[in-house]
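Reading the structure
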Amino acid sequence: MGLLDGKVALVTGAAGSIGAETALALAEQGARVVLTDLREPELQAVTDGLKGQGHDVACKAGDITAEDDIRAVVAFAVETFGGVDILDNNAGATGYSSRDLDIPDMPVELWDQVQSINARGPMLFCKYVIPSMLVRGGGSIINISSGQSLSGDVSNFAYAASKAAVNSLTRHMATGYSPRGIRVNAIAAGLIIQPGMEQRLPAHIQDIFLSHCLVPRLGVPRDIANMVVFLASDLSSYVTGQILSVDGGFTAHLPSVADMRPIIDGMKKAPGQWS
Ligand SMILES: NC(=O)c1ccc[n+]([C@@H]2O[C@H](COP(=O)([O-])OP(=O)(O)OC[C@H]3O[C@@H](n4cnc5c(N)ncnc54)[C@H](O)[C@@H]3O)[C@@H](O)[C@H]2O)c1
């Protein structure tokens, strides 16, 4: 018996690292899963892989910035599996950070594109999925946010603002729809390592992140997928309107801890002495 037997899940950005792993995790718990992404060949490959493992899944490509595509993806899910119970709003503008560096140099089209993918897109998926959820008596919406939305940084301005919009959307939708059976939560993901990350984020940068993680490792896609499964299932039936950090404790402590830890450790060995 799976936690999600009889449920239908829709996963956006399902050709990506976290999305593909989440689709698998949901299917392993018995959900039938509709996968969608902009990148059609990669989407088809992930879907074929899941089918090969015996999971009941289907896919339809679409651009999350195009309302007609979103309407078509949701209609496909309803036609294929009869409705939607779980929406994992996971697609994200992950390839823009090298140009999302500062406000005076912000290309307006980059700002608009990032908001369109990260904030407008999840809102539109909610717009088309909610009617199906209401017909089925409720559901669970999980928005994939980021730790970047919770505090300041020296880059990723457009990305952080778009994820903060998702946090606000999460709380507003939870307030509006939880009384009608639709729970809405967000996951503020920390750094999640994925294949190819070594080129985009060299080891010495990863080490900086690692030094601030309380759990002494960087995140992997399954860490996010597991939280999606929990929020999708009845195990979390009393959880709604929350922004849940899945980041190994990266944002759970004072920013000075990584630097202070060896000093305090020294003081424990020689009480009263600053090392
Ligand atoms: N990896 C991390 O460290 C990290 C940290 C915090 C939050 N997140 C969030 O997790 C989610 C998944 O990210 P990931 O790490 O798997 O990255 P990824 O790049 O592997 O996956 C993102 C997916 O979104 C899809 N996508 C992008 N633009 C689209 C569009 N216009 N229409 C449809 N699909 C589109 C991409 O094709 C891709 O498959 C994103 O929302 C991201 O912001 C990731």
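Described below are features of the structure shown in this document. (Residues numbered from 1 in each chain as written. Predicted model: local features only at pLDDT ≥ 70, side-chain atom pairs only at ≥ 80, totals over all residues. Heavy atoms only, no water.)

Here we look at the site of the ligand
Close contacts around the ligand come from 27 residues, with D37, T94, Y159, I192 and Q194 the closest. One of the backbone nitrogen or oxygen atoms of L38 is found 3.3 Å away from a nitrogen atom of the ligand. A distance of 2.6 Å separates an oxygen atom of the ligand from a polar side-chain atom of T94. In isolation the ligand exposes 820 Å². Once the protein is present, 90% of that is buried. Among the elements of the structure, α1 (17-28), β5 (139-146) and α5 (157-177) are those that each provide at least two residues to the shell around the ligand. Here the shell around the ligand takes 3 residues from β5, the largest share from any one element. The residue inventory of the shell around the ligand, partitioned by class, reads 11 nonpolar, 12 polar and 4 charged. (Near = heavy atom within 4 Å. Polar contact = N/O pair within 3.5 Å; in protein donor to acceptor, adjacent residues only side chain to side chain. Areas by Shrake-Rupley, 256 points an atom, 1.4 Å probe, with all protein chains shown as cover. Helix = DSSP H or I, 4+ residues; strand = E, 2+ residues; numbered from the N terminus. Nonpolar A, V, L, I, M, F, W, Y, C, P; charged D, E, K, R; others polar.)

Here's the deal with unusual backbone geometry
The backbone of N156 sits at a positive phi, close to 60 degrees, despite the residue not being glycine. Locating N156 in the fold gives a position in the loop between β5 and α5. According to the relative accessible area criterion, N156 is buried, its value standing at 14%. (Buried < 20%, exposed > 50% of the residue type's maximum accessible area, 1.4 Å probe, protein only.)

Comments concerning the pattern of salt bridges
For the coordinates displayed, the defined rule picks out 8 salt bridges. Across the pair E42 and R39 runs a salt bridge whose closest N-O atoms are separated by 3.9 Å. Judged by relative accessible area, R39 falls into the partly exposed class, the value being 39%. Through salt bridges that share partners, E21, E28 and R222 make up one connected network. (Salt bridge = Lys/Arg side-chain N within 4 Å of Asp/Glu carboxyl O.)

What to know about the layout of surface pockets
The space that makes up the second largest pocket amounts to roughly 240 Å³. Residue lining of the second largest pocket: 20 residues in total, with G139, S140, G181, R183 and D234 positioned closest to the centre. Looking at the lining of the second largest pocket, its residues break down into 6 nonpolar, 9 polar and 5 charged. (1 Å grid on protein atoms, 1.4 Å probe; cavity = no way out; pocket = protein on both sides within 12 Å on 5 of 7 lines; lining within 4 Å. Points joined across faces, edges and corners; volume = space filled by probe spheres on them.)

Re the nonpolar core
Counting residues in each nonpolar core, the largest one holds 34 residues, and the members touching the most others are L26, V33, L35, I142, I187 and I224. Breaking this core down by element, the ones donating at least two residues are β1 (8-12), α1, β2 (32-36), α2 (40-52), β3 (57-59), β5, β6 (182-189) and α8 (221-232). Those residues within four positions of L26 in sequence are excluded, and the remaining contacts are L4, A9, V11, A31, V33, V228, V229 and A232. Core analysis: the second largest hydrophobic core is formed by 32 residues, V74, V84, M106 and C126 among them. (Core = buried A, V, L, I, M, F, W, Y, C linked by side-chain atoms within 4.5 Å. Contact = heavy atoms within 4.5 Å.)

These figures come from the coordinates and say nothing about function on their own.
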